[in-house]
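# Analysis of the macromolecular model
As a plain string of letters, each chain reads:
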Amino acid sequence: MAVHFLHTSDWHLGQFFHNHDREFEHAQFLNWLLEQIKEKQPHALLIAGDIFDVINPASSAQRQLYQFLADAHELAPHMQTLMIAGNHDSGYRIEQVQPLLTKFNAKAVGIVGRTADNTLDLDRLLVPIYDQQQEIIAWCLTLPYLRSAEITGINEHTHNSQNAISYLHQQLIAEAKARKQPHQALILMSHAHMQGGETSDSERPIIVGNEEALSTALFDEVIDYVALGHLHKPQKVGQPHIRYSGSPIPLSFSEINYSHQVIEVRIDPEQNAEQRFQFEALKVPRTVELFRIRENLENLLSKVKALPTGEIEHLAARHFLEIEYTTDAPPPVDLRQQIEQALPPNRYRLLRISRIYQRQAEDQADSSKIDLAPPTPETLFFNIWEKMGYSQDHSVQQDFQQLLVEAQHELAQKQQA
């Protein structure tokens with residue numbers, strides 16, 4: 001029997017976009033997803049990490065998740081919901097409510113975990129998927145975002161992160177092979193940055209130089225499908241069965257042109273290689289659009305006036321707008337007021353107006369942008385580093401990024417204490 005499931009990831013519930021919450025957009029997505037579940041009645045729903053936007057999500061974001069799980073269970077009681085922690089999530093937090101999740105036929109895997117004798121706890125990472133007759137039709141290998149502190153120092157094979165990640169994949173896949181029956185599929189769900197994956201500027205910058213990106217060589221050929229989370233653009237990585245579902249809503253202006261989707265997958269292990277795997281991209285309707293205007297100051301107001309018109313009653317449903325303009329002369333002091341007056345009424349939320357300064361040097365233009373957004377820990381550190389007279393050093397960048405990841409993880413643990 002074929003296993004039928006939906007693959008989604010990177011919901012980022014609770015996200016604030018330039019101080020505007022996304023609760024309305026997430027509600028529209030979740031309602032749409034409930035309709036898909038009701039119609040398609042899959043065996044499983046896979047959520048491949050970054051369920052929340054921050055490790056300590058607001059109560060409204062948590063309520064949105066748990067209400068969705070309750071509604072989904074009512075519409076498809078046999079469906080299992082399997083979710084893993086991403087780098088934005090607290091693995092301990094999402095596991096704490098497992099007694100509640102069990103009532104909705106859901107399971108969360110937030111950390112890798114170890115046994116009493118300090119070996120990898122593979123049992124908790126191998127989750128069976130059942131059909132309506134409670135027969136196992138697939139195994140899901142669940143790999144939450146892999147933090148160095150959780151997977152290193154176990155034995156001689158785990159001295160550093162790279163070796164530990166390789167060892168973990170080898171051990172988990174070997175155990176899955178041992179349990180797998182001929183009629184059962186193997187699905188690996190992971191929250192990771194894979195080599196060759198295309199990123200956007202909304203993924204948290206936790207890496208430098210792309211060196212930590214993982215290779216698809218980690219995935220044995222026995223794996224029927226790899227359900228990835230972390231990168232927000234829907235894409236395959238190398239092979240059709242290794243895929244990022246992408247985020248369901250645009251999380252930055254760099255994602256304006258993304259075709260957000262949930263992937264519907266069917267796997268029949270008893271078919272030949274060409275027929276065993278089928279998938280369909282289910283396009284997520286976009287309820288709030290992102291508009292960006294890039295124009296010189298002379299033509300800016302006419303460009304603003306030309307935007308689509310029509311009032312939108314609810315503020316949370318109005319479209320987002322970002323404006324970038326160029327000028328060689330100082331802008332008028334009432335520029336924002338002029339732009340707001342030129343905007344079609346009650347349709348847009350003006351997030352940011354930024355000026356791009358252009359300096360011409362022969363046939364080259366070097367552009368720099370003034371951005372009043374709060375600085376990140378990375379920009380603060382490297383700005384101070386340069387002001388102290390030090391040059392950019394790749395090893396220092398890597399060390400800082402590793403310290404930042406460990407600090408975020410330690411903070412999450414303290415908040416759970």
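Residues numbered from 1 in each chain as written. Predicted model: local features only at pLDDT ≥ 70, side-chain atom pairs only at ≥ 80, totals over all residues. Heavy atoms only, no water.

Within an unreviewed UniProt entry, the label attached to the protein reads Nuclease SbcCD subunit D, and the organism entered is Acinetobacter variabilis. Word for word, the UniProt comment on the protein under Subunit (unreviewed entry) is "Heterodimer of SbcC and SbcD." (UniProt positions renumbered as here; feature names shortened; annotations may be inferred.)

## Here we look at helix H1 (residues 23–40)
Helix length check: H1, at 18 residues, gives a terminal C-alpha distance of 25 Å against a target of 26 Å (1.5 Å per residue), a fit within 8%. Where H1 is buried, its residues contact strand E1 (3–8), strand E4 (44–47), helix H2 (59–75), strand E13 (261–267), strand E14 (277–283) and strand E16 (319–326). Of the residues flanking the end of H1, it is Gln 41, one or two places downstream, whose phi is positive at about 50°. (Helix = DSSP H or I, 4+ residues; strand = E, 2+ residues; numbered from the N terminus. Expected span 1.5 Å × (residues − 1). Contact = heavy atoms within 4.5 Å.)

## Digging into the pairing of strand E12 (residues 239–244)
When strand E10 (residues 225–229) meets E12, the two strands line up parallel, connected through three bridges. Residue pairing in the sheet places Leu 228 in a bridge with Tyr 244 of E12. As judged from the three bridges shared by strand E11 (residues 235–237) and E12, these two strands associate in the antiparallel manner. For Lys 236, the partnering residue across the bridge sits in E12 and is Arg 243. Between the end of E11 and the start of E12, which pair antiparallel, lie one residue, with Gly 238 showing a positive phi angle near 85°. (Pairing = 2+ DSSP bridges.)

## Describing the packing of aromatic side chains
Here the structure, examined in full by the defined rule, presents nine aromatic pairs. Relative to Phe 29, the ring of Trp 11 lies with its centre 5.6 Å away and its plane at 75°, an arrangement referred to as edge-to-face. Remark: Phe 29 occurs in helix H1 and Trp 11 occurs in the loop between E1 and strand E2 (16–17); sequence separation between them is 18 residues. Assigned by exposure class, Trp 11 and Phe 29 land together as buried. Aromatic ring contacts, followed pair by pair, group Phe 5, Tyr 225, Phe 277 and Phe 279 into a single cluster. Here the basic side chain of Arg 22 rests over the ring of Phe 17, its NZ or CZ set 4.8 Å away from the ring centre. (Phe/Tyr/Trp six-rings, centres within 6.5 Å; stacked < 30°, edge-to-face > 60°. Buried < 20%, exposed > 50% of the residue type's maximum accessible area, 1.4 Å probe, protein only. Lys NZ or Arg CZ within 6 Å of the ring centre and 35° of its normal.)

## Focus: unusual backbone geometry
Across residues other than glycine, the phi torsion is negative in most instances, and most of the peptide bonds are trans. Even without a glycine there, the phi angle at His 12 is positive, about 55°. For His 12, the position within the fold is in the loop between E1 and E2. Of the residues examined, His 12 reaches a relative accessible area of 2% and is grouped as buried. Phi at Asn 346 takes a positive value of approximately 55°, unusual for a residue other than glycine. Structurally, Asn 346 can be placed in the loop between helix H8 (335–342) and strand E17 (348–361).

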